[in-house]
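Each chain, written out:
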Amino acid sequence: EAGVTQSPTHLIKTRGQQVTLRCSPISGHTSVYWYQQALGLGLQFLLWYDEGEERNRGNFPPRFSGRQFPNYSSELNVNALELEDSALYLCASSWVWGYTFGSGTRLTVV
Amino acid sequence: EDKVVQSPLSLVVHEGDTVTLNCSYEVTNFRSLLWYKQEKKAPTFLFMLTSSGIEKKSGRLSSILDKKELFSILNITATQTGDSAVYLCAVEARMRGSQGNLIFGKGTKLSVKP
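Definitions and limits used
Residues numbered from 1 in each chain as written. Chains lettered and ligands numbered in written order. Predicted model: local features only at pLDDT ≥ 70, side-chain atom pairs only at ≥ 80, totals over all residues. Heavy atoms only, no water. Helix = DSSP H or I, 4+ residues; strand = E, 2+ residues; numbered from the N terminus. Rg over C-alpha atoms; globule rule 2.2 N^0.38 Å. Buried < 20%, exposed > 50% of the residue type's maximum accessible area, 1.4 Å probe, protein only. Contact = heavy atoms within 4.5 Å. Areas by Shrake-Rupley, 256 points an atom, 1.4 Å probe, with all protein chains shown as cover. Lys, Arg positive; Asp, Glu negative; His and termini not counted. Charge placed at Lys NZ, Arg CZ, Asp CG, Glu CD. Buried area = accessible area lost by both parts, 1.4 Å probe. Salt bridge = Lys/Arg side-chain N within 4 Å of Asp/Glu carboxyl O. Polar contact = N/O pair within 3.5 Å; in protein donor to acceptor, adjacent residues only side chain to side chain. Nonpolar A, V, L, I, M, F, W, Y, C, P; charged D, E, K, R; others polar. Core = buried A, V, L, I, M, F, W, Y, C linked by side-chain atoms within 4.5 Å. 1 Å grid on protein atoms, 1.4 Å probe; cavity = no way out; pocket = protein on both sides within 12 Å on 5 of 7 lines; lining within 4 Å. Points joined across faces, edges and corners; volume = space filled by probe spheres on them.

K.L.:
Please set out the overall build of chain A residue by residue, giving values where relevant.
P.N.:
Helices and strands together make up the secondary structure of chain A, namely 0 helices and 11 strands. The N-to-C order of helical and strand elements in chain A reads β-β-β-β-β-β-β-β-β-β-β. Expected size for 110 residues packed as a compact globule is a radius of gyration near 13 Å; at 13 Å, chain A falls within 12% of this value. Projecting the C-alpha coordinates of chain A onto the three principal axes gives extents of approximately 40 × 25 × 20 Å. The burial tally for chain A puts 51% of its 110 residues in the buried class. For chain A, the proportion of contacts with a sequence separation of at least 24, taken over those separated by at least 6, is 50%. Looking at chain A as shown, the accessible area adds up to about 5200 Å², and 51% of this sits on carbon and sulfur atoms. On chain A, the mean spot of the 8 positive side-chain charges and the mean spot of the 9 negative ones are 8 Å from each other.

Given below as structure tokens:
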């Protein structure tokens, strides 16, 4: 069974640009969680999607948004990129015994 | 405000040593506590704990939860250089039915020297 897959693995963007990150959960999992891991900080909860709807949102500005598609894959969009958005963005899907993370997208904003 | 605090933040040991990593939490609507190992990118799942006093074991790793005192420990015996990683503790807060999001501590960076 394939795990959680994320794309792309690395991205370099310029301040002010927009970026879209993608995630596919484990087959059969309906929930997708997005987390940001900035240097020196712990994993910060961003967004939770389940059955196509946003269920919860972390303490991030509205320029962080996303959606979930009928096949349960998800996109995270970040508008008006700022330097401090440079981080590892991790996606996870949940199962009875825990959460499985993807390998992440490393975003660098210059 | 919900929070998870891990200690120590970093630890250097020699191969063969035993280490204990600590995680304390203050989270409303607690559902479970999870431990992860993060080497490069993807945190890999170690344990999920929901009940107090029941030790979970996997090889040289073990963990236990105390829901009265609101903490958990992760023990690693006979450490090896391959155990070098950041160990993350996370608490799941119940938000909708049986699901919720994870609140992470800052992690403990373990370095095992040969």
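Still to come is the rest of the account.
K.L.:
Explain the interface of chain B and chain A to me, using residue names and the numbers behind them.
P.N.:
When the parts of a complex come together, some accessible area is lost, and that lost area is often taken as the interface size. Each partner contributes to the interface: chain B provides 19 residues, whereas chain A provides 27 residues. The junction of chain B with chain A conceals about 1900 Å² of combined surface from both sides, 55% of it contributed by carbon and sulfur atoms. One can count 0 salt bridges joining chain B with chain A. Linking chain B with chain A are 6 residue pairs in polar contact (both at pLDDT 80 or more). Counting residues per element, the ones that place at least two in the side of chain B that touches chain A are strand 4 (30–38), strand 5 (44–49), strand 9 (85–93) and strand 10 (102–104) of chain B. It is strand 4 of chain B that provides the largest number of residues to the side of chain B that touches chain A, a total of 3 residues. Here the side of chain B that touches chain A is built from residues that sort into 10 nonpolar, 5 polar and 4 charged.

K.L.:
Residue-level account of the nonpolar core, with values.
P.N.:
Residues and elements named next belong to chain B. The biggest cluster of nonpolar side chains holds 24 residues, and the ones touching the most others in it are Val4, Tyr25, Leu33 and Trp35. Among the elements of the structure, strand 3 (19–26), strand 4, strand 5, strand 7 (61–66), strand 8 (71–76), strand 9 and strand 11 (108–113) are those that each provide at least two residues to this core. Per element, the largest residue contribution to this core is 5 residues, and it comes from strand 9. Those residues within four positions of Val4 in sequence are excluded, and the remaining contacts are Cys23, Ser24, Tyr25, Val27, Cys89, Val91, Ile103, Phe104 and Gly105.

K.L.:
Residue-level account of the layout of surface pockets, with values.
P.N.:
Here the largest pocket defines a volume of roughly 670 Å³. Lining the largest pocket are 26 residues, with Gln44(A), Phe45(A), Glu1(B), Asp2(B) and Ile103(B) sitting closest to its centre. Secondary-structure elements contributing two or more residues to the lining of the largest pocket are strand 5 (43–50) and strand 6 (53–57) of chain A together with strand 1 (3–7) and strand 10 of chain B. When grouped by side-chain class, the residues that make up the lining of the largest pocket number 10 nonpolar, 10 polar and 6 charged. The calculated volume of the second largest pocket comes to roughly 410 Å³. In terms of lining residues, the second largest pocket is bounded by 18 residues, among which Gln37(A), Leu39(A), Gly40(A), Leu41(A) and Gln38(B) are the most central. Partitioned by chemical class, the residues of the lining of the second largest pocket number 9 nonpolar, 5 polar and 4 charged.

Take it as geometry only, folks, not as evidence of what the structure does.
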